[in-house]
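Remarks on the overall topology
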Amino acid sequence: MGMTNTHDKSLSPEAFASLKDIWNAFVPNEAQVWTKFYLYWLEQSKQLPIMMVRYEDILQDEKMWVQRMVAFLESGNPPLAHRWKNHWNEYLSNAARPVDGAGYKPKKIVIGKALTNVLTKEQAETIRELTSAVCNLFGYELTPVSQEGNATTEATNVASHYYSLQLSPVRIPTPMLPPSDSGSTISINQSMEIRDDSDPYGRKITDLRRVYTKNDTEPFATK
């Protein structure tokens, strides 16, 4: 998205290959940012009621997880609850309804897709090393794939040839804290900086894209 300046396009294989050096630096950087982000919120869960929900679990049973999220939001005395809590069945039906007509349409959902089309074996191992502590807590694991009988060539250096993403059932307990009043606040980045000012990605990826596309006058090819 950052390099295509769109919400529904991906870089063409040729454009992606031209940014190989940037991608090689981007992968470990974002793995560390991802880890720091979740460590930050896990730390906040000691003082705030926080519910952790895995995207993959929502895919398997959307209605059940929406019910659980609504029950969590209704606990205590949430601000403005009267505006939405009596209408959640309507919201759920609208969210589950297929999108028709023009406009953005989500791509087909494939769990672990990055292993098959953009990550190399070495990059998967780097991600595994940098994120294992949080991934294990959330029930994610990169599991080695048996290489017995498989011929290995440079063309098969894609991560999916060596690893598969396994999900195990997990329940992260929500701390039983006193209900928060509407005046409760939390300050971001005071105790832990997740992405520092020198990071060339994140919000600054727009500047990076413009360098390579002559200020977006020659955009990258997309698919």
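What comes next concerns the included structure. (Residues numbered from 1 in each chain as written. Predicted model: local features only at pLDDT ≥ 70, side-chain atom pairs only at ≥ 80, totals over all residues. Heavy atoms only, no water.)

1. Thoughts on unusual backbone geometry
- One non-glycine residue with positive phi stands out, namely Asn-5, at about 60°.
- Secondary-structure assignment places Asn-5 in the segment before helix 1 (13–18).
- Phi at Lys-214 takes a positive value of approximately 50°, unusual for a residue other than glycine.
- For Lys-214, the position within the fold is in the segment after helix 8 (205–212).
- Since its relative accessible area comes to 55%, Lys-214 is described here as exposed. (Helix = DSSP H or I, 4+ residues; strand = E, 2+ residues; numbered from the N terminus. Buried < 20%, exposed > 50% of the residue type's maximum accessible area, 1.4 Å probe, protein only.)

2. With respect to the packing of helix 2 (residues 20–44) against helix 7 (residues 121–138)
- Taken N-terminus to C-terminus, the directions of helix 2 and helix 7 make an angle of 10°; their axes are 9 Å apart at the nearest point. Classified by the interaxial angle, the pair formed by helix 2 and helix 7 is roughly parallel. Residues Trp-23, Asn-24, Val-27, Pro-28, Ala-31, Gln-32, Trp-34, Thr-35, Tyr-38, Leu-39 and Leu-42 of helix 2 lie in contact with helix 7, whose contacting residues are Gln-123, Thr-126, Ile-127, Leu-130, Thr-131, Val-134, Cys-135, Leu-137 and Phe-138.
- Its residues assigned to classes, the contact of helix 2 with helix 7 comprises 14 nonpolar, six polar and no charged. (Axes fitted to C-alpha atoms, helices over the stretch in contact; angles between N-to-C directions. Parallel < 35°, antiparallel > 145°, perpendicular 65-115°, else oblique. Contact = heavy atoms within 4.5 Å. Nonpolar A, V, L, I, M, F, W, Y, C, P; charged D, E, K, R; others polar.)

3. Regarding the side chain of Thr-4
- Take Thr-4: it is sitting in the segment before helix 1.
- A polar atom in the side chain of Thr-4 sits 2.9 Å from the side chain of Thr-6.
- Once residues lying within four places of it in the same chain are set aside, the contact partners of Thr-4 are Lys-9, Ser-10, Leu-11, Arg-209 and Thr-222. (Polar contact = N/O pair within 3.5 Å; in protein donor to acceptor, adjacent residues only side chain to side chain.)

4. Some remarks on helix 8
- Turning to helix 8, its buried residues are Ile-205, Leu-208 and Arg-209. An end-on view of helix 8 places all buried positions within 100° of arc, on one side of the element.
- Immediately downstream of helix 8, the backbone of Lys-214 shows phi near 50°, a positive value. (Arc of directions from axis to C-beta.)

5. With respect to a nonpolar patch on the surface
- On the surface, a nonpolar cluster with roughly 280 Å² of combined accessible area is contributed by Tyr-55, Leu-59 and Ile-111.
- Considering the arrangement of structural elements, one finds Leu-59 in helix 3 (residues 55–60).
- Classification of Leu-59 by relative accessible area gives partly exposed; the value is 37%. (Patch = residues over 30% accessible without salt bridge, like charges linked within 9 Å, V, L, I, M, F, W, Y side chains within 5 Å. Areas by Shrake-Rupley, 256 points an atom, 1.4 Å probe, with all protein chains shown as cover. Salt bridge = Lys/Arg side-chain N within 4 Å of Asp/Glu carboxyl O.)

6. Thoughts on the nonpolar core
- In this structure, Met-3, Leu-11, Ala-15, Leu-19, Ile-22, Tyr-201, Ile-205, Leu-208 and Phe-220 together form the largest nonpolar core, which totals nine residues.
- Ignoring anything within four residues of it in the chain, the contact list for Leu-208 reads Ile-22 and Tyr-201.
- Core analysis: the next-biggest nonpolar cluster, separate from the first, contains eight residues, Val-27, Leu-142, Tyr-162 and Tyr-163 among them. (Core = buried A, V, L, I, M, F, W, Y, C linked by side-chain atoms within 4.5 Å.)

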